[in-house]
Amino acid sequence: MKRTILILVAATAMGWNACAWNDLGHATIAEVAQRHLTPKAAKAVAGYLDGMKLASVASDADKYRAYWTVDLGFIPTNPDDARVAFLTDFDRTQPLNISPWSHSITVDENMNPYPTDNLDGAYINNDCYYVKILSEKLRREAATMDPVERKRAISLIVHFIGDMHCPVHIVYLPSNTAKGHFDVTYKGRRTNYHSFWDSSVYGGLPGGFLELAYLVDSKSKKEIREITAGDVYDWAKDSATRSLEAYELVKPGDVIPDTFPYDVRPLLYSQLRNAGYRLAAVLNDIFR
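In this text, all values refer to a predicted model and were calculated from it rather than measured experimentally.

> Help me understand the side chain of Asp-127 in this model?
Residue position: Asp-127 is located in helix α7 (residues 127–141). With residues up to four places along the chain from it excluded, the contact list for Asp-127 reads Ser-102, His-103, Ser-104, Ile-105, Phe-160, Asp-163 and Met-164.

> Before we go on, may I ask you to explain the nonpolar core in this structure?
In globular proteins that are soluble, nonpolar side chains generally tend to be buried together. Among the nonpolar cores identified, the biggest contains 77 residues, and Leu-54, Tyr-193, Trp-197, Leu-268 and Phe-287 are the most heavily contacted of them. Considering each element in turn, this core owes the most residues, 11 residues, to helix α14 (residues 265–286). Discounting chain neighbours no more than four positions away, the residues touching Leu-268 are Trp-21, Trp-197, Val-201, Tyr-202 and Leu-205.

> Looking at this structure, I do not really get the confidence of the model for the chain. What am I missing?
Parts of the prediction with low pLDDT should not have their coordinates interpreted in detail. Predicted confidence across the chain gives a mean pLDDT of 84, with 81% of residues reaching 70 or more. Every residue in residues 1–18 scores below 50 in pLDDT, and together they form 23 contacts with partners more than four places removed in sequence or on other chains. Confidence drops under a pLDDT of 50 for residues 71–99, and excluding neighbours within four residues, the segment shows 58 contacts in the predicted structure.

> What should I look at first to understand helix α3 (residues 39–48) in this one?
Helical geometry: 3.6 residues make up each α-helical turn, so side chains three or four residues apart lie on a common side. Among the residues of α3, those classed as buried are Ala-41, Ala-44 and Val-45. In a view along the axis of α3, the buried residues occupy a sector of 100 degrees, so they form one face of it. Relative to its buried face, α3 has exposed residues pointing more than 90 degrees away, namely Pro-39 and Lys-43. Against α14 lie the buried residues of α3. Looking one or two places after α3, you find Asp-50, whose phi comes out positive at around 60 degrees.

Scoring rules and cut-offs
- Residues numbered from 1 in each chain as written.
- Predicted model: local features only at pLDDT ≥ 70, side-chain atom pairs only at ≥ 80, totals over all residues.
- Heavy atoms only, no water.
- Helix = DSSP H or I, 4+ residues; strand = E, 2+ residues; numbered from the N terminus.
- Contact = heavy atoms within 4.5 Å.
- Core = buried A, V, L, I, M, F, W, Y, C linked by side-chain atoms within 4.5 Å.
- Buried < 20%, exposed > 50% of the residue type's maximum accessible area, 1.4 Å probe, protein only.
- pLDDT = per-residue confidence, 0-100.
- Arc of directions from axis to C-beta.

As structure tokens, then:
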């Protein structure tokens, strides 16, 4: 019972109900990436994922969140006095503490992401930092890693690059830290803006992830090179800058027009495609 209560408290505090993009979005990003893998990277990915394609594991970090992305101990760089009270009070022998695998990114007032998960002793959301760590580990050790850990690392990279491109998975310090967790009205029903980007944003689009990947994968090779230039921190900055549009259009308490999924379709498409191209770039670099 004690462990169950702890899980519920931590889940509420850390926003575990926020999945971003839902399965359709994450599978779309993975499919776009799959289409742009080099032959060598595609072969490596297929081998390490037991023959599965990237879309097959794109949402695993959400589905197995309690098992995959929760540390068995506190992050060493974060002292006790920097943690919220409930994280310092409960029995540390329980297999639940603060998650080191954030599903969001944090940027400063200039849209620059932080190069760590520690801001003056406090834990901050920073999944681009973890993409960098996981990528470096795979680049060095993929051939010798435990197969389960290797598969999990690939799956986390697939998911996190998707999450860092979702407008409601960006923390803007200090001005906007809500990540879309505010109420709006859409089609006569009260809903959460974060939830809107999880599902309702796809309203009116045909088919599944294969069709959506076909629709968004529209850039030339030159344009793809421009989109994938730089590193994961450059991409996080670009994503945060583009995603501001989502908050300029909607404020807490707003009534969202029925046409809103159509209105934000350019932003939706650009974020999905950019995530796909950049995911392919990361995997092509790891398995070159």
